[in-house]
Amino acid sequence: GKRKRLSSSVLYDSDESEDSDILVRKVFAKRRCIMDEDDGSEEQQPDKTENTSSRKQNVFAKLKELARQRATQRSCSTENCEDSNDEAEEETLCHLPHTPTESDETDSDSMKDFIVEEDDDDNIEHVQIDYGSIAFFPVSRCSHYVHFQRIIRAFLINAIDDTFLSSLYDGTRQKKYAQDMLLSLHYLDDRFIQPRLENLISRSRWKERYKERVDCYPNVHIVMKNSKMMSCQACEMNRYCKFNVLLSGKLYDSRTLEVDDFMSDDKQVLKVGKVCADRTRVYHNLKHFKYKLYMDCSSIAELDGVVDEPVKDTVDRLFSQLEEHGWIQKRYGDLEDYMNDADNFQEEK
């Protein structure tokens, strides 16, 4: 369509100009019109016109193909799922960046006159980890259970070497197995647990003081007592309160799980209504799940009693025993139950 409009423009210019160059184009234009009236045979068109048309079509086709390849590359890079080793899929699918292929480089070089290079900083952000505060995580194709298995291994290592977790979070350990464990720990906190805790709080009338108490004490015991009309000590609404919430245990760091012995024997007893008591149970189970899982792993390592064995061999042996006896699967089932309880609790009026 564009070339036909160009032809009519040439005819119009040639009718109003005496210039010899334009008269030459006039002859070509009239020949094309006469040819259209006769048979419209395209075999008699100038070779230069054919070459120009063919070259434009080829450039346009290459541009379309390159745009499609760029879209595919961007999608793969965002998902961080590029992997060529099927045997190591469990360890490598989680956060590898896109690796350009030879054909990618060839296409890029051949079309560099047409394409403006993109800034690669966006892609880099998806694979680098900020150890101070992580706002997002690479998309991972690892199953939830694989994440959970890595966490068990990390806890077993820390039970033997109590500096392991802190060295993960401060960035000291850069090997791939350590980075995989760190990614899985973040998944547990920020994908599995924290969103559900926030939902539980957002739909409650809990006062901040009560929430802080539940956050600080890793042990809870809820006991039914005689009903009494009073202000609930969780939401401060007038209710028939018949549950005592007993909070106890040592304060601990939520990342390294190091225990703070300050006021280790402190206890809190709070009287609450039924809904707040149920919410406390669901919230507390999820909030302190990671700490209690670590304490269980520590107890297992302490009871092992094997000395003069490399840490890796000890961890592999203990992990295999736990897997064989179904302990890891059972604890993973507990986590799923706690998450389901939190999800279902959101529907309560």
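Figured I'd write up the structure that's included with this text. Everything numeric here is computed off the predicted structure, so don't read it as measured data.

Another aspect to go through is the sheet that holds strand β2 (residues 238-248). If you walk across this open sheet you meet the three strands as β1-β2-β5, and the pairing is antiparallel. The outermost strands of the open sheet, each flanked by one partner alone, are β1 (219-231) and β5 (267-272). Between one strand axis and the next, the sheet turns through 20° on average, direction left out of account. Pairing analysis gives six bridges linking β2 to β5, with the strands arranged antiparallel. Counted as the bridge partner of asparagine 244 is lysine 271 from β5. Those strands touched by helix α10 (residues 208-216) are β2 and β5, and its axis lies near 135° from that of β5.

Turning to helix α13 (residues 311-324), a few remarks are in order. The terminal C-alpha atoms of α13 lie 20 Å apart, and with 14 residues this matches the ideal 20 Å at 1.5 Å per residue to within 8%. If you check which residues of α13 are buried, you get Thr314, Val315, Leu318, Phe319 and Leu322. Angularly, the buried residues of α13 cover 125° about the axis, an arc narrow enough to put them on a single face. Exposed side chains of α13 directed beyond 90 degrees from the buried face belong to Lys312 and Glu324. Looking at the buried side of α13, the elements it contacts are α7 (144-160), α12 (289-304) and α14 (327-345). Count one or two residues on from α13 and you reach glycine 326, which has phi positive near 80°.

Turning our eyes to something else, we now look at the packing of aromatic side chains. Applying the stated rule across the entire model yields nine aromatic pairs. Between the aromatic rings of tryptophan 206 and tyrosine 210, the centroid separation amounts to 4.9 Å while the plane-to-plane angle is 75°, which identifies the pairing as edge-to-face. For the pair phenylalanine 289 and tyrosine 338, a centre-to-centre distance of 6.0 Å together with 75° between the ring planes defines the contact as edge-to-face. In this pair, phenylalanine 289 sits in helix α12 while tyrosine 338 sits in helix α14, placing the two residues 49 residues apart along the sequence. Among the aromatic residues, those joined into a ring-pair cluster are Tyr145, Phe148, Phe289, Tyr332 and Tyr338. Its end group placed over the ring of tyrosine 187, arginine 191 keeps NZ or CZ at 4.7 Å from the ring centre.

Formed by 60 residues in total, the largest nonpolar core has its most connected members in Ile152, Phe155 and Val272. For this core, the element with the highest residue contribution is helix α9 (residues 176-202), accounting for 11 residues. Every residue in contact with phenylalanine 155, bar those within four places of it in the chain, is listed here: Leu165, Leu185, Leu257, Lys290, Leu293, Tyr294 and Cys297.

Here glutamate 236, not a glycine, exhibits a phi torsion of approximately 60°, which is positive. Here glutamate 236 shows up in the loop between β1 and β2. Positive phi outside glycine occurs at leucine 257, with the angle close to 65°. Inspection of the secondary structure assignment puts leucine 257 in the loop between β3 (251-252) and β4 (259-260). For leucine 257, a relative accessible area of 3% corresponds to the buried category.

Of the pairings in the sheet, the one linking β1 to β2 comprises 10 bridges and is antiparallel in character. If you follow serine 231 over to β2, its bridge partner there is asparagine 238.

Moving on to the pattern of salt bridges. This model, assessed by the stated rule, comprises 14 salt bridges. Linking lysine 250 and aspartate 261 is a salt bridge whose minimum nitrogen-to-oxygen distance equals 3.2 Å. With lysine 250 in the loop between β2 and β3 and aspartate 261 in the loop between β4 and β5, this residue pair connects regions lying 11 residues apart in the sequence. Lysine 250 sits in the partly exposed class, given a relative accessible area of 35%. Through salt bridges that share partners, Asp296, Lys330, Arg331 and Asp334 make up one connected network.

Next up on the list: the packing of α9 against α14. Relative to each other, α9 and α14 sit at 30°, their axes nearing to 9 Å. α9 and α14 meet at a crossing whose hand is left-handed. Contact residues: Leu188, Phe192, Arg196 and Leu200 in α9; Leu335, Met339, Ala342, Asp343 and Phe345 in α14. Of the residues in the contact of α9 with α14, the class split is seven nonpolar, no polar and two charged.

Definitions and cut-offs
Residues numbered from 1 in each chain as written. Predicted model: local features only at pLDDT ≥ 70, side-chain atom pairs only at ≥ 80, totals over all residues. Heavy atoms only, no water. Pairing = 2+ DSSP bridges. Helix = DSSP H or I, 4+ residues; strand = E, 2+ residues; numbered from the N terminus. Axes fitted to C-alpha atoms, helices over the stretch in contact; angles between N-to-C directions. Contact = heavy atoms within 4.5 Å. Expected span 1.5 Å × (residues − 1). Buried < 20%, exposed > 50% of the residue type's maximum accessible area, 1.4 Å probe, protein only. Arc of directions from axis to C-beta. Phe/Tyr/Trp six-rings, centres within 6.5 Å; stacked < 30°, edge-to-face > 60°. Lys NZ or Arg CZ within 6 Å of the ring centre and 35° of its normal. Core = buried A, V, L, I, M, F, W, Y, C linked by side-chain atoms within 4.5 Å. Salt bridge = Lys/Arg side-chain N within 4 Å of Asp/Glu carboxyl O. Left-handed = near helix turned anticlockwise from the far one by under 90°. Nonpolar A, V, L, I, M, F, W, Y, C, P; charged D, E, K, R; others polar.

Fair warning: the whole summary comes from geometry, so function is off the table for now.
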